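Each chain is listed here by its residues.
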Amino acid sequence: MEIPLVVGNWKSHFTVAEATGWLNRYAELATGRSFPKFPKPVVCAPFTGLFALAQLINERRLPLNLGAQDLSAFGEGSYTGEVAGRLLTGLAKYVLVGHSERRRLCGESTLIVAAKVTEALKAGLIPIICAANLKEVPVEARNNPKVIIMFEPETAISQAGHYRAESPQAVKKVLANWRKRVHPKMKFFYGGSVNETNTRGLILQSRVAGLVVGHASLSPDSFVSIINQARAAVNPHVLD
Ligand code: PGA
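Not measured: the values here are computed from a predicted model.

Core analysis: the largest hydrophobic core is formed by 59 residues, its most contacted members being Tyr26 and Tyr190. In terms of residues, this core owes the most to one element, helix H8 (residues 220-234), which gives six residues. Those residues within four positions of Tyr26 in sequence are excluded, and the remaining contacts are Phe35, Pro41, Pro63, Leu64, Pro220, Phe223, Val224 and Ile227. Val7, Val42, Cys44 and Met150 belong to the second largest nonpolar core, which has twelve residues in total.

Right, let's get into the layout of surface pockets. Considered as a void within the structure, the largest pocket measures approximately 360 Å³ in volume. In terms of lining, the largest pocket is formed by 18 residues, of which the most central are Leu5, Phe38, Pro39, Tyr94 and Lys187. By volume, the second largest pocket is sized at about 300 Å³. Counting residues per element, the lining of the second largest pocket draws most heavily on helix H3 (residues 100-105), at three residues. Counted by class, the lining of the second largest pocket contains five nonpolar, four polar and four charged residues.

Attention now moves to the site of the ligand. Taken together, Asn9, Lys11, His99, Glu152, Ile157, Ser158, Gly192, Ser193, Val212, Val213, Gly214 and His215 make up all the residues around the ligand. At a separation of 2.7 Å, an oxygen atom of the ligand approaches a polar backbone atom of Ser193. Between the ligand and Gly214, the relevant distance is 2.8 Å, taken from an oxygen atom to a main-chain nitrogen or oxygen of the residue. Within the complex, 99% of the 280 Å² of free accessible area of the ligand lies under protein. Judged by its atoms lying within 2 Å of the grid points, the ligand is housed in the largest cavity. Among the residues forming the shell around the ligand, the class breakdown is three nonpolar, seven polar and two charged.

Our focus in this paragraph is helix H2 (residues 47-60). In this model H2 runs 21 Å from its N-terminal to its C-terminal C-alpha over 14 residues, within 8% of the 20 Å that 1.5 Å per residue would give. Gly49, Leu50, Leu53, Ala54, Leu56 and Ile57 are the residues of H2 that are buried. Buried residues belonging to H2 abut helix H1 (16-29) and strand E3 (65-68).

Quick look at unusual backbone geometry now. Not every positive phi belongs to a glycine, and Lys11 is a case in point at roughly 55 degrees. Within the fold, Lys11 resides in the loop between strand E1 (5-9) and H1.

Within E1, five of the five residues are buried, leaving the element largely enclosed by the surrounding structure. Going residue by residue along E1, you find Leu5, Val7 and Asn9 tucked away on one face and Val6 and Gly8 tucked away on the opposite face as well. In this structure, E1 lies alongside strand E8 (residues 210-213), joined through four bridges in parallel fashion. Looking across to E8, one finds that Val6 is bridged to Leu211. Summarising the sheet, E1 and strand E2 (residues 42-44) pair through three bridges and their orientation is parallel. Among the inter-strand pairings, Asn9 is bridged to a residue of E2, identified as Cys44.

The rules behind these values
Residues numbered from 1 in each chain as written. Predicted model: local features only at pLDDT ≥ 70, side-chain atom pairs only at ≥ 80, totals over all residues. Heavy atoms only, no water. Core = buried A, V, L, I, M, F, W, Y, C linked by side-chain atoms within 4.5 Å. Buried < 20%, exposed > 50% of the residue type's maximum accessible area, 1.4 Å probe, protein only. Helix = DSSP H or I, 4+ residues; strand = E, 2+ residues; numbered from the N terminus. Contact = heavy atoms within 4.5 Å. 1 Å grid on protein atoms, 1.4 Å probe; cavity = no way out; pocket = protein on both sides within 12 Å on 5 of 7 lines; lining within 4 Å. Points joined across faces, edges and corners; volume = space filled by probe spheres on them. Nonpolar A, V, L, I, M, F, W, Y, C, P; charged D, E, K, R; others polar. Near = heavy atom within 4 Å. Polar contact = N/O pair within 3.5 Å; in protein donor to acceptor, adjacent residues only side chain to side chain. Areas by Shrake-Rupley, 256 points an atom, 1.4 Å probe, with all protein chains shown as cover. Sits in = over half its atoms within 2 Å of the grid points. Expected span 1.5 Å × (residues − 1). Pairing = 2+ DSSP bridges.

In structure tokens form, the structure reads like this:
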């Protein structure tokens, strides 16, 4: 089993100064021989923090990749307020697309998600498509192993720090069904109330390739602990 990827989703949190503070603490914790250099954990930060974070990560050679939480459905051009995929060059490797909060609050349809996936791939970004059911994954994307699909039922998303994750067995069952209907090399992640106590079970029992962590990623200590738990699930010696 591959070492699972842990992806933080900060949502609309952290000024640049706060993001830098988070990174300083992460740098203290993410040291030592056993900390993963590959796959590098990911943080999807607000657009406003990406530049400062990218500079610090490069300067200090920290084991962390960056992702964006969204991108424009249009290319570069006269689209006031939009951030085209190409503008993320050098700032992000991954991008979340179609998060349920965007679908619900910003009216993002699967058609728009499809356009965003196309733009992300054009810009060389790895799209992580967030979906509660397979219908929410654009048809073309289902056959493209360059994308990642994150299963996240809206009811599993934490509320005000209250965790209510889907059970690993339920995740396994849903994904077994999805796997039959997508490219055989498709990677699946799970998101929704991932925290330090449920990480091992989710990795071991639902056999996902990665976890997306919202609320619990706001604390660098919890985030690093989740990364260590995820690695220990596939290689118990890392926590020795
Ligand atoms: P949560 O958020 O971990 O706080 O439930 C996950 C997400 O919405 O991506």
